[in-house]
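Each chain is listed here by its residues.
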Amino acid sequence: NPSLLLSAGLDKKVTLWDISSSKPVHTFEVGSEVTAVAFVPDSENYFVSGSFDGITRLWDISKAAIISTAKISDNITSMRFSPDGEKLLVGSFKGKCFIYSLDNSG
């Protein structure tokens with residue numbers, strides 16, 4: 001949905017915004033300082049967040065819940081989906097990259 005935006009920060013929250021109204025739709029409590037967020041491509045209901053605690057979280061927006069996690073032994077500094085949306089690249093503070101495959105079967 002092009003009218004939605006994610007923001008995140010050191011307040012340990014991810015906020016979903018409606019750009020057209022400039023108002024927050026929902027705030028997700030993460031539990032650690034959030035350093036990266038991204039919508040899952042071709043999906044209006046899922047996003048990922050990465051944090052200083054090294055945990056990548058996959059969120060279901062409609063349920064406001066974490067549905068999957070993956071942990072690395074370093075602070076997460078960046079995230080980017082592959083163009084086809086099937087892989088997620090996670091960057092760490094120490095300069096390592098981790099690649100995760102997403103199961104798009106539903």
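First things first, this report covers the structure right here in the doc. (Residues numbered from 1 in each chain as written. Predicted model: local features only at pLDDT ≥ 70, side-chain atom pairs only at ≥ 80, totals over all residues. Heavy atoms only, no water.)

**Remarks on the overall build of the chain**
Rule in force here: The numbering of helices and of strands both runs from the N terminus, where a helix is a DSSP run of H or I of at least 4 residues and a strand a run of E of at least 2. Atoms counted for the radius of gyration: C-alpha only. Globule rule: 2.2 Å times residue count to the power 0.38. Partly exposed describes any residue whose relative accessible area lies between the buried limit of under 20% and the exposed limit of over 50%, with all areas from a 1.4 Å probe on protein chains only and scaled to the type maximum. Contacts are residue-level and defined by heavy atoms, with any inter-residue pair within 4.5 Å sufficient. Residue burial considers only the protein chains on display, and all accessible areas are found by Shrake-Rupley using a 1.4 Å probe. In this tally, Lys and Arg are treated as positive and Asp and Glu as negative; His is ignored, and so are the chain termini. Each charge is placed at NZ for Lys, CZ for Arg, CG for Asp and CD for Glu.
Across its full length, the chain carries zero helices and ten strands. Its helices and strands taken in sequence order, the chain reads β-β-β-β-β-β-β-β-β-β from the N to the C terminus. A globule of 106 residues ought to have a C-alpha radius of gyration of about 13 Å, and the chain, at 13 Å, matches this closely. Taking the principal axes of its C-alpha atoms as reference, the chain extends roughly 40 × 35 × 20 Å. Buried residues in the chain amount to 34% of all 106 residues. The contacts in the chain between residues at least 6 apart in sequence include a share of 22% that link residues at least 24 apart. On the chain, roughly 6,300 Å² of surface is accessible, and the fraction owed to carbon and sulfur atoms is 53%. On the chain, the mean spot of the 10 positive side-chain charges and the mean spot of the 12 negative ones are 7 Å from each other.

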